[in-house]
Amino acid sequence: KWYDNTFVGASVGGNYSFADEPNAKFFKNLDPMVDINVGKYFTPTVGAQINYELGWAEAPHTGFDHHNLSVDGLLNLSNLIWGYKEQARPVEFVGLLGMGWWHQFGDVDNSPSARVGLQLNIKLGSSDAWSLNIEPVWTYLPDECKCIESSYISTTAGLTHRFKNSHGTHNFVL
């Protein structure tokens, strides 16, 4: 069915821009952010997600500094390398590659964006419905923006829920 192997997730973390103030202390360039994503796996190895990132830092009068909406391809490296056994592994590694649109509030600026990263998914419980995710990502902005310049790294941690599919499980059925 169309809704089989779908998921939703939310996470919090921070992003760090090397270009903000190169001589500043580490925590001066570290900014909080949240991520929300919705996605689907088409095979045990290949999936896609829509990711919405919201961060805040230098623009206190707007509340939020920037947001980035992207479409990411997902490649479950654990299933690719070791095969799929019709259940989630206790720990899975998933590669991420995506494109999107980045917008800065306050001093308005826009740019296309490219994301590359790795998800570490840790299964919670025996039903495969929930997982803890740790996700380091590098985001590149080809248009030089006013506050971030060309790229930043981020790391988030959060939870993902895999919805029950038409076979009654929370994972891909072959």
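On a predicted model such as this, the values are computed, not experimentally measured, just so you know. (Residues numbered from 1 in each chain as written. Predicted model: local features only at pLDDT ≥ 70, side-chain atom pairs only at ≥ 80, totals over all residues. Heavy atoms only, no water.)

Caption draft 1: Molecular detail of the nonpolar core. Formed by Phe7, Tyr41, Leu74, Val94 and Leu96, the largest nonpolar core amounts to five residues. Discounting chain neighbours no more than four positions away, the residues touching Leu96 are Gln49, Asp72, Gly73, Leu74, Arg115, Val116, Gly117, Gln119 and Glu135. (Core = buried A, V, L, I, M, F, W, Y, C linked by side-chain atoms within 4.5 Å. Buried < 20%, exposed > 50% of the residue type's maximum accessible area, 1.4 Å probe, protein only. Contact = heavy atoms within 4.5 Å.)

Caption draft 2: How the structure looks around the pattern of salt bridges. Across all of its chains, the model carries four salt bridges by this definition. In this structure, Asp72 and Arg115 form a salt bridge, with 3.0 Å as the shortest nitrogen-oxygen distance. Here Arg115 lies in strand E6 (residues 109–124) and Asp72 lies in strand E4 (residues 66–76), a separation of 43 residues in the sequence. We classify Asp72 as buried; its relative accessible area is 1%. (Salt bridge = Lys/Arg side-chain N within 4 Å of Asp/Glu carboxyl O. Helix = DSSP H or I, 4+ residues; strand = E, 2+ residues; numbered from the N terminus.)

Caption draft 3: Region of the structure containing empty space enclosed by the protein. Enumeration according to the criterion identifies two cavities of 30 Å³ or more in this entry. For the largest cavity, the lining is made up of 32 residues, of which Phe7, Tyr41, Asn121, Thr160 and Arg162 are closest to its centre. Breaking the lining of the largest cavity down by element, the ones donating at least two residues are strand E1 (6–16), strand E2 (30–41), strand E3 (46–55), E4, E6, strand E7 (130–145) and strand E8 (149–162). Tallied by class, the residues present in the lining of the largest cavity amount to nine nonpolar, 19 polar and four charged. Size it by volume and the second largest cavity reaches roughly 30 Å³. Within the residue set of the lining of the second largest cavity, elements represented by two or more residues are E6 and E7. Grouping the amino acids of the lining of the second largest cavity by side-chain chemistry returns two nonpolar, two polar and five charged. (1 Å grid on protein atoms, 1.4 Å probe; cavity = no way out; pocket = protein on both sides within 12 Å on 5 of 7 lines; lining within 4 Å. Points joined across faces, edges and corners; volume = space filled by probe spheres on them. Nonpolar A, V, L, I, M, F, W, Y, C, P; charged D, E, K, R; others polar.)

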